[in-house]
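Topology and contacts: notes
What follows is each chain in one-letter form.
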Amino acid sequence: MNSPSLLFIQELARNAGRILHENYEKDLNIKFKGDIDLVTHVDHESEKFIIDEINNSFRDHKFLAEESGESENQSDHLWIIDPIDGTVNYAHGVPFFCVSIAYAYQGKVVLGAVFDPMRNEMFSAERGHGATLNGNPLRVKEQDTLKKSLLVTGFPYDAWYTETNNFANYEKFGKMSQGVRRLGSAALDLCYVASGRMDGYWELSIKQWDIAAAGLIAEEAGAKVTNIQNQKNYLDEPLSIVAANPALHELIIQNLNHSSK
Ligand code: LIP
């Protein structure tokens, strides 16, 4: 068998999460990829562990990972990996981050696992078989009015310069909802929508590795997940995302500004 099981991807995320937990609040050898886009040696250690484990179990799979990029080989089997989603939180000692691992077959994500090592919370899904949190079924909340909704969003690393910085939406939705949170991990933001802790999530600019696993988890929990053009191919460039139950998803799409102008 050259395809993984849900159990395999769950254990892989859990074991990578141990690396994050063991190094939390230690010397992280922080380096900067941009003005505010940073990386720690733990990002690289977690990613190497995940890729080595996959190579030990499966032959010739392809990878798209935040730190090492896209592997050059061709394969029907693609792993989409964020070794630490919430790296800025991790680097600052804020306990809100996770490991995000997705597996896609012939271009369609079929398995996803997001593990939060600080709360020991394993969010996972297999396409067509539902989503769970530590084995318990997940379902989005059916909140259908913005003023009763708790929303979550994020900002791109080039927010200082880009017109799609999302600040105008933060203010607009802040005046239409019960609140807008910025928690710092897209994967956990999506999993919190899947679990009903949050009602809706959006970002104007995001990466495949941030959302591939949790996007499937949210879909399997009953969320409508699209890009900001309301298209279902939210993993295609240029990436953006909106996730909520269908009624609230429509209200977010209707009110979203696609630029700061
Ligand atoms: C982060 C996302 C976050 C987004 C940040 C960044 P990273 O991913 O989780 O939601 O707002 O700009 O993309 O860099 O921690 O893997």
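To be clear, the structure that these remarks concern was listed above.
What counts as what
Residues numbered from 1 in each chain as written. Predicted model: local features only at pLDDT ≥ 70, side-chain atom pairs only at ≥ 80, totals over all residues. Heavy atoms only, no water. Helix = DSSP H or I, 4+ residues; strand = E, 2+ residues; numbered from the N terminus. Rg over C-alpha atoms; globule rule 2.2 N^0.38 Å. Buried < 20%, exposed > 50% of the residue type's maximum accessible area, 1.4 Å probe, protein only. Contact = heavy atoms within 4.5 Å. Areas by Shrake-Rupley, 256 points an atom, 1.4 Å probe, with all protein chains shown as cover. Lys, Arg positive; Asp, Glu negative; His and termini not counted. Charge placed at Lys NZ, Arg CZ, Asp CG, Glu CD. Pairing = 2+ DSSP bridges. Axes fitted to C-alpha atoms, helices over the stretch in contact; angles between N-to-C directions.

1. Regarding the overall build of the chain
Helix and strand content of the chain: seven helices and 15 strands. Over its C-alpha atoms the chain spans a radius of gyration of 17 Å, differing by no more than 12% from the 18 Å that the globule rule assigns to 261 residues. When the 261 residues of the chain are sorted by exposure, 54% land in the buried category. Contacts spanning at least 24 positions in sequence make up 61% of the contacts within the chain whose residues lie at least 6 apart. A total accessible area of about 11,600 Å² is found for the chain, and carbon and sulfur atoms account for 48% of it. Once the 24 positive and 36 negative side-chain charges of the chain are each reduced to a mean point, those two points are 7 Å apart.

2. Some words on the sheet that holds strand β5 (residues 77–85)
Ordered by their spatial adjacency, eight strands build an open sheet running β4-β3-β5-β6-β7-β8-β9-β10, and the pairing between neighbours is mixed. On the outer flanks of this sheet lie β4 (69–70) and β10 (136–137), each paired with one strand and no other. The pairing of strand β7 (residues 108–116) with strand β8 (residues 121–126) spans six bridges and is antiparallel. For Gly 112, the partnering residue across the bridge sits in β8 and is Ala 125.

3. Describing the sheet that holds strand β14 (residues 224–226)
The strand order across the open sheet built from five strands is β12-β11-β13-β15-β14, with neighbouring strands paired in mixed fashion. The sheet is open, and its two borders are formed by β12 (179–181) and β14, each paired with just one other strand. Across the sheet, the mean angle separating the axes of adjacent strands is 15 degrees when strand polarity is ignored. One ladder, built from four bridges, connects strand β13 (residues 200–203) with strand β15 (residues 241–244); its direction is antiparallel. Across the sheet, the residue bridging to Trp 202 is Val 242, located in β15. Strand contacts of helix α5 (residues 186–195): β11 (150–153), β13 and β15, with the helix running at about 150 degrees to β13, the strand carrying the most contacts.

Interpretation note: all reported values are geometric properties and have no functional meaning in isolation.
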